[in-house]
Structure formats: structure tokens, C-alpha cells
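# Summary of structural features
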Amino acid sequence: MKNLLVFILLSPLVLSCQAENAVSKYPAQVGDISFDKKIDDEFERCVNEKLTFQYYNDANSFNYKGEKIEIQRKLAGLHFQSDQTANGYITIRFVVNCDGKTGLFRVQQMNTNYEEIAFNKKLRDQLLDFTKNLDGWIPKEYLGVKLNYYQYLTFKIENGKVSEILP
């Protein structure tokens, strides 16, 4: 009965995604991440690849064991190499699947005026590796069914150092 209810509720989403793909070259949602064999490791989404929810689609927008404070604790013990005058943001978006595994990482870098820039490659790579190695992501559930969802971490960089993690 529960599976039937999930099917009934999610069918319009699947059908609209399929119709969207038939007539448009744009993703169904802004920021959707598609697998790219040149930059992505093997990663399986659960249920249906088209049903990847946003991090904010439920009341628990940050699903990590120990919450954000645990990520901050892990980050505090690391030293990153960067230009000491660098300021801005490095955002890393990714997908969490129904097993709490992560993949399909994408990086965006911008200055304090939200203009695209390139930080020191070593800093970017260190933050990406740090994010890839976080292993406490909790799958989201809807009516008892575990789902894929998008998550992001934005690292605020001030004077070459991570000063804050957003959200």
C-alpha cells in the first residue's frame, strides 16, 4: 500500500521529467547534475535518476550525522594552502543516494561580488577531497522510501582561509 501511494505521488514528477527531456535541452530543474564519464566516478542513484530531490524538500535540510557542527569540527583540524589575499566562496554540489553515498561533485568558485573566479588549484582540490571524504550523510525518506537528493557545501574564504561553511 505504501509503495502504491509513493508511486501515485511521484508518477507526475517522472512523467513531467520525461516530457521535459523530449522537448528541451535544459534540465528539469536548475542545477540538475548529469553523469559525465570524464569527471565522475561510478555512482548509482537509487529509485529513479530523474527523482533527485533538492536538499530543502523536507524539514531536515541538512542531513549529516552530527549536523553541520561535525563537519566544522572535521574541517578545523585541517590546514589548507592558499593565497593569503584570496576572498570569496567555493561551492561544492553533489548527490547523496539512498545509501548515504555521494557522487557527481561539481565545483563553483566566485569572489565576494559573486563573479566567477579561479582560486588556487591546491585549495580547490583540498576542499573537494575533504567534501568527497565526508561519510556521514543520511539518506532522505518520503513515506518510508529512501531517496536521492542534492546537497551542497559553500566554503567562505577570507584571506586565504576557510572562515565559514554554508548553509
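Residues numbered from 1 in each chain as written. Predicted model: local features only at pLDDT ≥ 70, side-chain atom pairs only at ≥ 80, totals over all residues. Heavy atoms only, no water.

In terms of helices and strands, the protein carries 3 helices and 6 strands. Counting helices and strands in the order they occur from the N terminus, the protein gives α-β-α-β-β-α-β-β-β. Pairs at least 24 apart in sequence give 71% of the contacts found in the protein among residues at least 6 apart. With the model as given, the accessible surface of the protein reaches about 10500 Å², and the carbon-plus-sulfur share is 50%. (Helix = DSSP H or I, 4+ residues; strand = E, 2+ residues; numbered from the N terminus. Contact = heavy atoms within 4.5 Å. Areas by Shrake-Rupley, 256 points an atom, 1.4 Å probe, with all protein chains shown as cover.)

By size, the foremost hydrophobic cluster in this structure holds 22 residues, and its most contacted members are Ile71, Ile92, Leu127, Trp137, Leu153, Phe155 and Ile157. Mapped by element, the contributors of at least two residues to this core are α2 (67-76), β2 (88-96), α3 (121-132) and β5 (145-158). Setting aside residues no more than four positions away along its own chain, Leu127 makes contact with Leu75, Phe80, Ile90, Ile92, Phe155, Ile157 and Val162. (Core = buried A, V, L, I, M, F, W, Y, C linked by side-chain atoms within 4.5 Å. Buried < 20%, exposed > 50% of the residue type's maximum accessible area, 1.4 Å probe, protein only.)

This model, assessed by the stated rule, comprises 5 aromatic pairs. When the centroid spacing of 4.8 Å and the interplanar angle of 75° are considered together, the rings of Tyr64 and Trp137 count as edge-to-face. One end of the pair, Tyr64, is in the loop between β1 (52-53) and α2; the other, Trp137, is in the loop between α3 and β4 (140-142), and 73 residues separate them in sequence. Residues Phe130 and Phe155 carry aromatic rings whose centres are separated by 6.3 Å and whose planes lie at 75° to one another, so their mutual orientation is edge-to-face. Taken together, the residues Phe130 in helix α3 and Phe155 in strand β5 connect sequence positions 25 residues apart. Here the two residues Phe130 and Phe155 agree in accessibility, since each one is buried. Pairwise contacts between aromatic rings join Tyr64, Phe94, Phe105 and Trp137 into one cluster. Across the ring face of Tyr150, the terminal group of Arg93 is positioned such that the distance to the ring centre comes to 4.9 Å. The residue whose ring lies beneath Lys140 is Tyr149, and the NZ or CZ to ring-centre distance is 4.9 Å. (Phe/Tyr/Trp six-rings, centres within 6.5 Å; stacked < 30°, edge-to-face > 60°. Lys NZ or Arg CZ within 6 Å of the ring centre and 35° of its normal.)

Further remarks concern the state of the cysteines. According to the stated counting rule, one finds 1 disulfide in the structure shown. Across the disulfide, Cys46 is cross-linked to Cys98 (sulfur-sulfur distance 2.0 Å). Measuring handedness by torsion sign, the sulfur bridge of Cys46 and Cys98 sits at about -75° and is left-handed. With Cys46 in the loop between α1 (2-23) and β1 and Cys98 in the loop between β2 and β3 (102-110), this pair connects stretches of sequence that are 52 residues apart. By relative accessible area, Cys46 is classed as buried at 13%. For Cys98, a relative accessible area of 16% puts it in the buried group. (Disulfide = S-S within 2.5 Å.)

What follows is about α3. The periodicity of an α-helix, 3.6 residues per turn, causes residues three or four places apart in sequence to face the same way. Between its first and last C-alpha atoms α3 spans 16 Å; for 12 residues at 1.5 Å apiece the expected length is 16 Å, and the two agree. Those residues of α3 not exposed but buried are Leu123, Leu127, Leu128, Phe130 and Thr131. Along α3, the residues classed as buried sweep out an arc of 160° about the axis, all on the same side. Considering only its buried residues, α3 is in contact with α2, β2, β3, β5 and β6 (161-166). Two or three places before Lys122, at the opening of α3, Asn120 has a side-chain oxygen 2.6 Å from that residue's backbone nitrogen. (Expected span 1.5 Å × (residues − 1). Arc of directions from axis to C-beta. Polar contact = N/O pair within 3.5 Å; in protein donor to acceptor, adjacent residues only side chain to side chain.)

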